[in-house]
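Survey of secondary and tertiary structure
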Amino acid sequence: MAMFARNHFFEDEDEERPEKPRHYGLTEIRAPSYSITDLTRLEGILEAMGQFVDSLKFAGGTCSLMPKTFIKEITEMAHRHKVNVGTGDWAELLLQKGPSGFKQYVQECKDLGFDVIDLNADSLEVPEETLLRLIRIIKNERLKAKPLFGINFERSAIPSKEDRAFGAYIAPTPKGSEMIEDVELLIRKAERCLEAGADMIMIDAEGISGRADMLRTDAIAKIIGRLGLEKTMFEAASPETFEWFVRRYGSRVNLFVDHSHVGKLECFRSGALGMNPSSITRSRRLGPAIFF
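What comes next concerns the included structure.

Criteria and thresholds
Residue positions are given per chain, counted from 1 along the sequence in the order it is written. It should be noted that, the model being predicted, local features are given only for residues of pLDDT at least 70 and side-chain atom pairs only at 80 or more, the latter also being counted only at that level, while totals for whole chains, interfaces and linings use all residues. Only hydrogens and water are set aside when side-chain values are computed; all heavy atoms of the structure are taken into account. Structural elements are reduced to axes, namely lines fitted to C-alpha atoms, with helices fitted over the stretch in contact, and the angle between N-to-C directions of any two is expressed from 0 to 180 degrees. Counting from the N terminus, the helices are the DSSP runs of H or I reaching at least four residues and the strands are the DSSP runs of E reaching at least two. Orientation categories follow fixed angle ranges, with anything under 35 degrees roughly parallel, anything over 145 roughly antiparallel, 65 to 115 roughly perpendicular, and all other angles oblique. Left-handed describes a crossing whose near helix is turned anticlockwise from the far helix by less than a right angle; the clockwise case is right-handed. Residues are treated as being in contact if the distance between any of their heavy atoms lies within 4.5 Å. Nonpolar residues are Ala, Val, Leu, Ile, Met, Phe, Trp, Tyr, Cys and Pro. Charged residues are Asp, Glu, Lys and Arg, and all others, Gly as well, are polar. Under the scheme applied here, a residue whose accessible area is under 20% of the maximum for its type counts as buried, over 50% as exposed, and between as partly exposed, the area being computed with a 1.4 Å probe on protein chains only. Here a salt bridge means any side-chain nitrogen of Lys or Arg lying within 4 Å of a carboxyl oxygen belonging to Asp or Glu. Any two of the Phe, Tyr and Trp rings considered here, Trp counted by its six-membered ring, make a pair once their centres fall within 6.5 Å; the pair's planes then place it as stacked at under 30 degrees, edge-to-face at over 60, or tilted in between. A ring is scored as having a charge over it whenever the NZ atom of a lysine or the CZ atom of an arginine sits within 6 Å of its centre and within 35 degrees of its normal.

**Notes on the packing of helix α7 (residues 183–195) against helix α8 (residues 217–227)**
- It is the contact of α7 with α8, at a shortest axis distance of 10 Å, that shows an interaxial angle of 25 degrees. Of the possible angle classes, the one that applies to α7 and α8 is roughly parallel. Our pair here, α7 against α8, has a crossing hand that is right-handed. Where α7 abuts α8, its residues Val 183, Glu 184, Leu 186, Ile 187, Ala 190, Glu 191 and Leu 194 lie against Ala 219, Lys 222, Ile 223, Arg 226 and Leu 227.
- For the contact of α7 with α8, the residue count by class is eight nonpolar, no polar and four charged.

So this is what it looks like as structure tokens:
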């Protein structure tokens, strides 16, 4: 995999890593599985690496399976380490109950200690104006809204070029199965979400950063160039992937990584000795001895 030199446009080499709460250079992690025994494991990760973790996200609806007391334990533990907690993808199932059901869901999330409500724009399958209303509902409760967008869209859902202006009405069309790539549409939708009050745009790894050897560097550059480095977060599934992001965009880039990669990512962000492509290969042979 080709590596790029660090882009000094985005970061001064001597700039120190800001203390929490940070507004850029954020690290979000996925909660490690979801059982009672993992509460102790999560506590160990936060005790050791909490100063480098900015947010913790539940995966696809798992919080709906847990006792509320257990969820509250997790959010309180995270808050002790100044870590925000996000819901993950679950809001789409609540929309079946209508707007009042979504408002109730937002209030319940607030009561349980969640700080961020994630909205998977791809799976929500709602009109654009409805997505913007959901963001406003979240912001009215003083929670953070983080929509997720992918680069692939159903062909039937893509408006013609003359209908892409801000606020244009898009007539509904029959749902299809053909998917095509449209980074411009992703950016336009994300821009509207930010204008509606969204705090951050999560970019789905599928088709963009899912594999280190197939990074869509052109799409990534266009997204960051239009939305801004501080308003976008990219999923980085492997050390090779987040190494590329840090080398290319500096430590200011916001990344979503597995909890086991927090230590390695922070070494890249801080420029620690030994964290280079050869050290990654070596760590694979030796095993994750010191990283959580």
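**Some details on unusual backbone geometry**
- Of the consecutive residues Lys 20 and Pro 21, the connecting peptide bond is found in the cis state with omega at 0 degrees.
- Its place among the elements puts Pro 21 in the segment before β1 (27–30).
- Positive phi, normally seen in glycine, also occurs at Lys 82, with a value near 55 degrees.
- Within the element layout of this structure, Lys 82 appears in the loop between α2 (68–80) and β3 (84–86).
- Judged by relative accessible area, Lys 82 falls into the exposed class, the value being 59%.
- With a phi angle near 60 degrees, Arg 142 is a residue other than glycine that sits in the positive phi range.
- Among the structural elements, Arg 142 can be located in the loop between α6 (128–140) and β5 (144–149).

**A closer look at the pattern of salt bridges**
- Considering all chains together, one arrives at 19 salt bridges under this definition.
- For Glu 108, the salt bridge is made with Lys 68, and the minimal N-O distance between the two is 3.1 Å. Of this pair, Glu 108 sits in helix α4 (residues 98–112) while Lys 68 is found in helix α2, placing the two residues 40 residues apart along the sequence.
- Note on Glu 108: relative accessible area 32%, which makes it partly exposed.
- Ionic pairing is found between Lys 110 and Glu 141, a salt bridge with its closest N-O pair at 3.5 Å. Taken together, the positions of Lys 110 in helix α4 and Glu 141 in the loop between α6 and β5 put the pair 31 residues apart, joining distant regions of the chain.
- A relative accessible area of 24% places Glu 141 in the partly exposed class.

**Some words on the packing of aromatic side chains**
- Counted under the stated rule, the structure contains six aromatic pairs.
- Each ring, one from Phe 102 and one from Tyr 105, has its centre 5.9 Å from the other, and the planes form 50 degrees; the classification is tilted. A residue pair is termed a helical-turn pair when its members lie 3 or 4 positions apart in one helix, as Phe 102 and Tyr 105 do in helix α4 at three residues. The burial state of Phe 102 is the same as that of Tyr 105; both residues are buried.
- Relative to Phe 268, the ring of Phe 242 has its centre 5.7 Å away and its plane inclined at 65 degrees; by these criteria the two rings are edge-to-face. With Phe 242 in helix α9 (residues 239–249) and Phe 268 in helix α10 (residues 262–270), the pair connects residues that are 26 residues apart, well separated along the chain. Comparing Phe 242 with Phe 268 shows no difference in burial state: the two are buried.
- An aromatic cluster is defined as three or more aromatic residues linked by ring pairs; in this entry it consists of Phe 234, Trp 244, Phe 245 and Tyr 249.
- The residue whose ring lies beneath Lys 57 is Phe 256, and the NZ or CZ to ring-centre distance is 4.2 Å.

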